[in-house]
Amino acid sequence: MTLPRHAAAGPWTPDSWRPLPNAQAIAYSDAGALARATAHIRRAPPLVTSWEIERLRELLAEAQQGRRFVLQGGDCAESLEDCTPDAVTSRLKILLQMSLVLVHAIKRPVIRVGRFAGQYAKPRSNPVETRLVGGNAVSLPSYFGDLINRPEFTPEARRPDPDLLVQAYQHAAMTLNFIRSLCDAGFADLHHPEYWDLSFTRHRSLSAEVRRQYEAMSRELASALKFMEAMGEQSVDRLSRTTFYTSHEGLSLEYESAATRLVPRRVGWYNLASHLPWIGERTRALGGAHIEYFRGIRNPLGVKIGPACDPVELLRLADTLNPGNEPGRLVIITRMGAPKVGESLPRLIETLASARKTVLWVCDPMHGNTTTTDSGLKTRSFSAILEELEHSIDIHTRLGGVLGGVHFELTGEDVTECTGGAAGLTEADLGARYTSRCDPRLNDQQALEMAFLLARKLGDQARGA
Ligand code: PEP
Ligand code: CO
């Protein structure tokens, strides 16, 4: 396979991506307004610090060795309107609960990474959307997320608006500020049973055996939390004062490069809008603008990898994005789809392993398992998501490696977007509370159940069962 040689040898600057092909380029009509918006972000205080980023890199390096586990999750597309206390709290709560289920089962610390506080941009397969309006076909720019334009189907709403870059930065700051306060104060009610709605464990659709397993796991968890409480205020306090890292897809290079800074007494450039930005499946082309931008920043990086990725291409990506082969720098987030993972994943793992590339493997079991219902709603089935996860764990284990983390689209609310789970949501139920602006998310009960099943699988694997 011939791949384009990457311009990696050339000098890097936060703007060296500009002349290169950009698969998701946004055409702003007012260059002056764009320059004012990015100048505003450049002047504003950063959202995260370089020492947090360096700390995360150390933690990710430990996850690579199987000493920690990454739980990354949140909305597919955050919206500016959803920057509310309830939405932020419920997202944090579900991630925290899932992480405790995992910690308890796998006896390893979990690194909690939110897909929030900046997850405002969405790549699109088609830059234009056509709808029938009053019997006529009308074509407008697709909705690229609140960072770029607005979802309403009108020419004004769909026009890329540079001011949204500033608004998104400010909303990410507000979200992060609230998250930091919540974490600092501790989730004090963590150990109260009413805090844990585990009603899915009692659902009639579950077999007696699965129900027994769920009940045993939740009993053990409750008693572990009680034990912590009995040890005194301090230990619950420590447990509940958690750190969340923030991550988002680095789609808009105007936004990302405006947030890229030199930091006193440190070498190199940092993206200070996110601890862990990632490159999407649609923008990871070698020789493209995104790879050029990301290779130059010091942050740990994620790259989404789908089933079409050739092993040689992945090797080149690893060389370009992590030429020093530094531990904790590169997170490969695979999203193959349950039917394809068995064929696509092993050759990628083997290729990087034989080239001695050090990466952290994370499984995103959501994006390869999206289907569309007859009524046109995007959905995902709980069982396909679980199947890809379980398969990926087995494949890594068989090849002598480790799956170091998972990446979910989820919400703390009772939405009806994915089918299945103990409550047995069907396609007919999806219309009830479908609120995602983009991809379907696991609801709170599905997310917690997924954590139980993942914990069971990882626990079995650790015991060699
Ligand atoms: C996403 O994470 O929402 C996404 C678009 O993923 P991918 O790049 O893997 O398709
Ligand atoms: Co998505």
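Residues numbered from 1 in each chain as written. Chains lettered and ligands numbered in written order. Predicted model: local features only at pLDDT ≥ 70, side-chain atom pairs only at ≥ 80, totals over all residues. Heavy atoms only, no water.

**Student:** Account for the sheet that holds strand E10 (residues 330-334), with residues named and values stated.
**Tutor:** Taken together, the 8 strands give an open sheet; going across it, the order is E5-E2-E1-E14-E11-E10-E9-E8, and neighbouring strands pair in parallel fashion. Looking at the sheet topology across the chains shown, the edges are occupied by strand E5 (244-246) and strand E8 (278-279). Alignment of strand E1 (residues 69-74) against strand E14 (residues 405-409), held across 5 bridges, turns out to be parallel. The partner of Gly-73 across the bridge, within E14, is Phe-408. With respect to the sheet, helix H12 (residues 382-398) is in contact with E10, strand E11 (360-363) and E14, its orientation differing from that of E11 by roughly 155 degrees. (Pairing = 2+ DSSP bridges. Helix = DSSP H or I, 4+ residues; strand = E, 2+ residues; numbered from the N terminus. Contact = heavy atoms within 4.5 Å. Axes fitted to C-alpha atoms, helices over the stretch in contact; angles between N-to-C directions.)

**Student:** Summarise the coordination of the cobalt ion (ligand 2); cite the residues concerned and give the values.
**Tutor:** Octahedral six-donor coordination of a metal ideally yields angles of 90 or 180 degrees, compared with 109.5 degrees for tetrahedral four-donor coordination. Protein coordination at the cobalt ion (ligand 2): the donors are Cys-76 (SG), His-367 (NE2), Glu-409 (OE) and Asp-439 (OD), at 2.1 to 2.5 Å from the metal. Each donor residue of the cobalt ion (ligand 2) lies on the same chain, and together they follow the pattern C-x290-H-x41-E-x29-D. Here Cys-76 is found in the loop between E1 and helix H3 (85-106), whereas its partner Glu-409 is found in strand E14, with 333 residues between them in sequence. Taking the relative accessible area as the measure of exposure, Glu-409 reaches 0% and is therefore buried. (Donors = N, O, S within 2.8 Å, 3.2 Å for Na, K, Ca; no water. Buried < 20%, exposed > 50% of the residue type's maximum accessible area, 1.4 Å probe, protein only.)

**Student:** Mind laying out the pairing of E14, listing which residues take part and the relevant values?
**Tutor:** Most of E14 is tucked away, with 5 of its 5 residues classed as buried. What you see with E14 is no split at all: Gly-405, His-407 and Glu-409 on one side and Val-406 and Phe-408 on the other are buried throughout. Looking at chain direction, E11 and E14 are connected through 2 bridges and run parallel. Paired with Val-362 across the two strands is Gly-405, which belongs to E14.

**Student:** Describe the environment of Pro-300, with residues and values.
**Tutor:** Mapping Pro-300 onto the fold places it in the loop between helix H9 (289-295) and strand E9 (301-305). As a C-alpha pair, Pro-300 and Leu-321 span 21 residues in sequence and 9.8 Å in three-dimensional space. Sequence-distant contacts of Pro-300, that is, excluding residues within four places in its chain, are made with Ile-53, Leu-56, Arg-57, Leu-60, His-275, Leu-276, Pro-277, Gly-328 and Arg-329.

**Student:** Which residues make up the pattern of salt bridges, and what are the values?
**Tutor:** Applying the stated rule across the entire model yields 31 salt bridges. Among the salt bridges present, the one from Glu-326 reaches Arg-298, with a minimum N-O distance of 3.7 Å. Taken together, the positions of Glu-326 in the loop between helix H10 (311-321) and E10 and Arg-298 in the loop between H9 and E9 put the pair 28 residues apart, joining distant regions of the chain. Linked through salt bridges whose partners overlap, the residues forming this network are Asp-75, Glu-78, Arg-91, Glu-417 and Arg-441. (Salt bridge = Lys/Arg side-chain N within 4 Å of Asp/Glu carboxyl O.)

**Student:** How would you summarise H12 if you had to cite specific residues and measurements?
**Tutor:** For H12, spanning 17 residues, the distance from its first C-alpha to its last is 24 Å, which sits close to the expected 24 Å at 1.5 Å a residue. Contacts made by the buried residues of H12 are with E10, helix H11 (338-354), E11, strand E13 (378-380), E14 and helix H13 (444-462). Gly-400 lies just past H12 and shows a positive phi near 80 degrees. (Expected span 1.5 Å × (residues − 1).)

**Student:** Which residues make up the site of ligand 1, and what values do they have?
**Tutor:** In the neighbourhood of ligand 1, 13 residues make up the surrounding shell, with Arg-115, Lys-122, Glu-281, Lys-304 and Arg-335 lying closest. Between Arg-282 and ligand 1, the recorded distance is 3.1 Å, taken from a side-chain N or O atom to an oxygen atom. Within the side chain of Glu-409, an N or O atom sits 3.1 Å from an oxygen atom of ligand 1. Starting from 290 Å² of accessible surface for ligand 1 in isolation, the protein chains cover 98%. Class assignment of the residues belonging to the shell around ligand 1 gives a composition of 3 nonpolar, 2 polar and 8 charged. (Near = heavy atom within 4 Å. Polar contact = N/O pair within 3.5 Å; in protein donor to acceptor, adjacent residues only side chain to side chain. Areas by Shrake-Rupley, 256 points an atom, 1.4 Å probe, with all protein chains shown as cover. Nonpolar A, V, L, I, M, F, W, Y, C, P; charged D, E, K, R; others polar.)

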